[in-house]
Structure formats: structure tokens, C-alpha cells
Amino acid sequence: MAKRSFLVSSAMIVSIFSILAISCKSKKPVIQQEQEITLVMAEVNPDGTISAEMDKAFKQKVEELSGGKIKIDLQMGGTLGDEESVMALLKKPNSSIHLERISAFTLTAHGCQKSSLLTIPFTFSGKEHFWNFAASPFATEILDEPYEKGVGVKGLFYGEEGFRHFFSTKPLSGTEDFAGLKLRITPDAIMKGVADGLKADPLVVGFGDLYGALQTGIVDAAEQPIANYLGNKFHMVAPYMILDGHTMGVTEVVITSECWDSLTEKQRAILKEAGTYAGEICRKISQEAEDKARAQLVEEGAKFIEVNDIAPWQNACEKIITQSAAVAPELYKEILNLAH
């Protein structure tokens, strides 16, 4: 009887360790052998957008490198919620969502000061400048910031969606048209500062509610990269986009700290390698996808307004640029220097 009891107990112990390994919820690595795990990943944008294509490349590479032992359950189109609501879930213990592709500014509302540097208006002179940064040690420092601060997530890799531009239900010709305009902003201090500099009326609206808010007149204007402007059909209700390029659409893929802590070194290495690959795919497709989206938008009636002189826009944002850079002035200077 004692022998049988020992065998039953051993089986139960093995079963318990298997459950811990598969759940991706343990705070310390407990996996002696690589187990099959499934990581749920949230993407607010629909299939066909730059970010969605990057996510799919990440999923494909993770599953390839792991021999199918790590599966990515990619949920696109905001089916799991908008960026902020998913982030709130990621920060909770035992989250059922493990990964999210977010805009860099999402982290600024969670006390990540270094991440906020990436959202300061007119920081990046072009796409090459951004990708120079993404390959630098400063990029890793910023990815690690939320993990080190105990926010509940860790950055894995970067992407970009092109420069962000303002679009509106009303014709736009320059900064003077923003006075009194009901401008949808994200809940962070930098976008509030941009709106104040333009003398607009800032309103925080969830991404999932933005289309309806534009359609009903709750807001007059918002801002997005060109590909997302098309992918979310915003041009159907707000057909005027002014190409001010105030901010690079920097994105990060983050993983819950709890899940990261549960992974083996091999599993972590697979996610990092797949992230590097996905970032390279993003870099390759970004401009082509943006150009294609712009052509389609013109065909569907969107009106693009070129900006020939960026100085008035920079002047309008001067106060928030100075204030925001002050949180880490030396690091910000290093990022600016990567333009060369």
C-alpha cells in the first residue's frame, strides 16, 4: 500500500509542475523540460495594418523557433479591448492575456518616464533615425524600464507605424485651425500639452469609441498614422488629414512580468529572437504599406493637406517638448544624436 501511495503522490507532483509550466503564471522558472505553452496576444488594429503584419511575423517566428512548443494566440481588431483596458488586465495577477502590442505613449500613463521620450513631438527626423535608436543600447534601457519599475510588464521589441498626423471632420490648413477644435487625445501629459499648444479642446476618448465619437460630433479631430487611419476607416467620418508628422508612431510589444518570470532562458531567447525578426519585417514593410494606404485613401475620398513649413507646429509644441525632455535630458540628447 505504501508503494502505491508513493506512486500516486509522484504522479500528482508531476501533474502539478506541468500545470505550472503551461499556465505561464509562476513568478519563478519551474520548467525542467520545455513544455507546450500558449501565449495570448492582443492587437487593437485590424488585420492588414502595419502592426498586425508585424504581430503575425512575430507569431510565425516564435512558433517556428520553438518547434510549435510556444504558440501565440493572436487576437486582432481590438477583440480583447483597447490598449488601456488590456494594459490594466496585463498588470493584474494571473492575467489571461500575456502579450500586447501597444503605442509607446501607453506606458507614459504608468510612470515610465524614459518611454515618454519616444513620444515627444518632432523627436525623430525620419524612419532611419528611429531604427538607429531601436538598434541602440538606449532602446533596451527603455524596454526594461516598466519591468524594473514594477509596472507589471516588460518590453520585448519595437515597431513603428509611420508618423502620426492629425485628421478631422473639418477642413484643415494649419495650426490656426485647431483653436477650439474638439481634439481626441490619449490619457497622457504629452498629448495634452500638444493640444494646449495648438489651443485645441482636448478630450480623452477610448480608441474603440473614436469612430462613433467622430461620427456624432463628440470630437472633431484625432491623430493616427496613415495606415491606421485607413485600417480603422476613420476617413469615412473624418476625411481631412494634415501631414504635420508631429510624432513617430513608435510601438512596443510587451509581455506580463509574471509570464516573463515563468519562462526558461531558452523560451525567453526565442521571444527575443522572434521580436528582432518581427521588427525587421516592420522596418521593411512600413513605408510601402503607408504609401499604398495613402493611395487607397485618396481613391476613397480622403483629402491630404501637405505641410510645407513645420516651424509653426514646432513652435506650438515648444513648451511641452522642453518640459518632457527634462525628465531625462541626457538620454533624450543621446536619442536626438542618433539622427546622424
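Here, every reference points to the structure presented above.
Let me sum up the structure you'll find in this document.

The rules we used
- Residues numbered from 1 in each chain as written.
- Predicted model: local features only at pLDDT ≥ 70, side-chain atom pairs only at ≥ 80, totals over all residues.
- Heavy atoms only, no water.
- Phe/Tyr/Trp six-rings, centres within 6.5 Å; stacked < 30°, edge-to-face > 60°.
- Helix = DSSP H or I, 4+ residues; strand = E, 2+ residues; numbered from the N terminus.
- Buried < 20%, exposed > 50% of the residue type's maximum accessible area, 1.4 Å probe, protein only.
- Contact = heavy atoms within 4.5 Å.
- Salt bridge = Lys/Arg side-chain N within 4 Å of Asp/Glu carboxyl O.

**Looking at the packing of aromatic side chains**
And step 1. Scanning all chains against the criterion turns up 13 aromatic pairs.
And step 2. Ring geometry for phenylalanine 178 against tryptophan 313: centres 5.6 Å apart, planes inclined by 80°, an arrangement best described as edge-to-face. With phenylalanine 178 in the loop between β4 (153-168) and β5 (182-185) and tryptophan 313 in helix α12 (residues 311-316), this pair connects stretches of sequence that are 135 residues apart.
And step 3. Under the relative-accessibility criterion, tryptophan 313 is labelled buried at 4%.
And step 4. Ring geometry for phenylalanine 207 against phenylalanine 234: centres 5.8 Å apart, planes inclined by 85°, an arrangement best described as edge-to-face. Placement of phenylalanine 207 in helix α8 (residues 207-216) and of phenylalanine 234 in the loop between α9 (226-231) and β8 (240-256) is noted, with a sequence separation of 27 residues between them.
And step 5. A residue is classified by how much of its surface remains accessible, and phenylalanine 207, at 15% relative accessible area, is buried.
And step 6. For phenylalanine 234, a relative accessible area of 1% corresponds to the buried category.

**Description of the environment of valine 40**
And step 1. Looking at where valine 40 falls in the secondary structure, it is placed in strand β1 (residues 37-42).
And step 2. If we ignore the near neighbours within four places in the chain, the residues touching valine 40 are Asp73, Leu80, Ser96, Ile97, His98 and Leu99.

**Focus: the pattern of salt bridges**
And step 1. Applying the stated criterion across every chain, the model contains 18 salt bridges.
And step 2. As a salt-bridge pair, arginine 283 and glutamate 128 come within 2.7 Å of each other at their nearest N and O atoms. Of this pair, arginine 283 sits in helix α11 (residues 265-299) while glutamate 128 sits in helix α5 (residues 127-134), placing them 155 residues apart in sequence.
And step 3. A cluster of three or more residues bridged by salt bridges with shared partners is formed by Glu43, Glu83, Arg101 and Glu161.

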